[in-house]
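# Examination of the molecular architecture
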Amino acid sequence: MKKYCFLLLIPILLMFSHCENTSEENHCEFLAIVGEPDIVGKWQAYEKGGSPGFGYVIEKVPRIPAKLVEFKSDNTLVTNVLGDYSYYYVLIDLTNGEKIVALFETQQEIENINLNEIGASYTLSQCENGNISLAFRYCFEGCHLGLKRI
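Residues numbered from 1 in each chain as written. Predicted model: local features only at pLDDT ≥ 70, side-chain atom pairs only at ≥ 80, totals over all residues. Heavy atoms only, no water.

## Here's the deal with the pattern of salt bridges
For clarity, the threshold we go by: For this analysis, a salt bridge means a side-chain nitrogen from Lys or Arg found within 4 Å of a carboxyl oxygen belonging to Asp or Glu. Every helix listed is a DSSP run of H or I at least four residues long, and every strand listed is a run of E at least two residues long, numbered separately from the N terminus. Remark: exposure states derive from per-residue accessible area (1.4 Å probe, protein chains only) relative to the maximum for the residue type, with buried under 20%, exposed over 50%, and partly exposed in between.
Scanning the model with the defined rule gives 3 salt bridges in all. For the salt bridge of Lys48 with Glu59, the shortest nitrogen-to-oxygen distance reads 3.9 Å. Of this pair, Lys48 sits in strand E1 (residues 41–50) while Glu59 sits in strand E2 (residues 57–60), placing them 11 residues apart in sequence. For Lys48, a relative accessible area of 41% puts it in the partly exposed group. Under the relative-accessibility criterion, Glu59 is labelled partly exposed at 41%.

Right under this line is the structure:
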């Protein structure tokens with residue numbers, strides 16, 4: 001009988017000792033980007049974060065169906081994160097070093113942009129592993145989307 005109890009105990013211990021995957025997809029601390037960011041290319045969402053009212057919660061984004069954001073070199077952005085959309089984006093360097101990605105329905109020249117009139121804009125930051133975060137600027141408790149290059 002002791003032998004059977006011991007055999008049952010092994011899988012239970014293994015279940016509770018399972019370590020969380022430490023791959024690049026796990027959340028990391030996003031830092032301000034120094035210099036010109038290289039965001040052109042396809043990115044896949046792997047995490048999203050927000051506050052439902054009781055602290056900041058980070059959730060994994062399922063791989064299937066893939067939630068993609070593509071920054072193109074002609075300053076268009078194509079995404080299926082919240083439906084299928086196409087925007088023009090402008091990368092703005094603020095005087096405090098913060099990088100902003102602003103989205104528009106029509107092409108914009110950076111010198112004509114009034115920061116106070118931008119609707120959809122995100123603070124851009126980066127992990128040491130190259131992943132980037134787009135944090136919605138008008139979310140008081142910090143809402144972000146973690147993206148990895150594909």
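## A closer look at the environment of Val101
Within the secondary structure, Val101 sits in strand E6 (residues 99–104). Using a relative accessible area of 1% as the deciding quantity, one classes Val101 as buried. Along the sequence, Val101 and Leu91 sit 10 residues apart, while their C-alpha atoms lie 4.8 Å from each other.

## Here we look at the confidence of the model for the chain
The predicted coordinates should not be examined in detail at positions where pLDDT is low. The criterion, for reference: Confidence of the predictor at the level of single residues is given by pLDDT, which spans 0 to 100. The contact criterion used is simple: two residues touch if any of their non-hydrogen atoms lie within 4.5 Å.
For the chain, per-residue confidence averages 78 on the pLDDT scale, and residues scoring 70 or more make up 81% of the total. Taken element by element, the predicted model of the chain shows its lowest mean pLDDT in helix H1 (residues 2–17) (36) and its highest in strand E3 (residues 68–71) (95). Long-range and interchain partners of residues 1–25, a stretch whose pLDDT sits below 50, account for 9 contacts in this model, where long-range means more than four residues apart.

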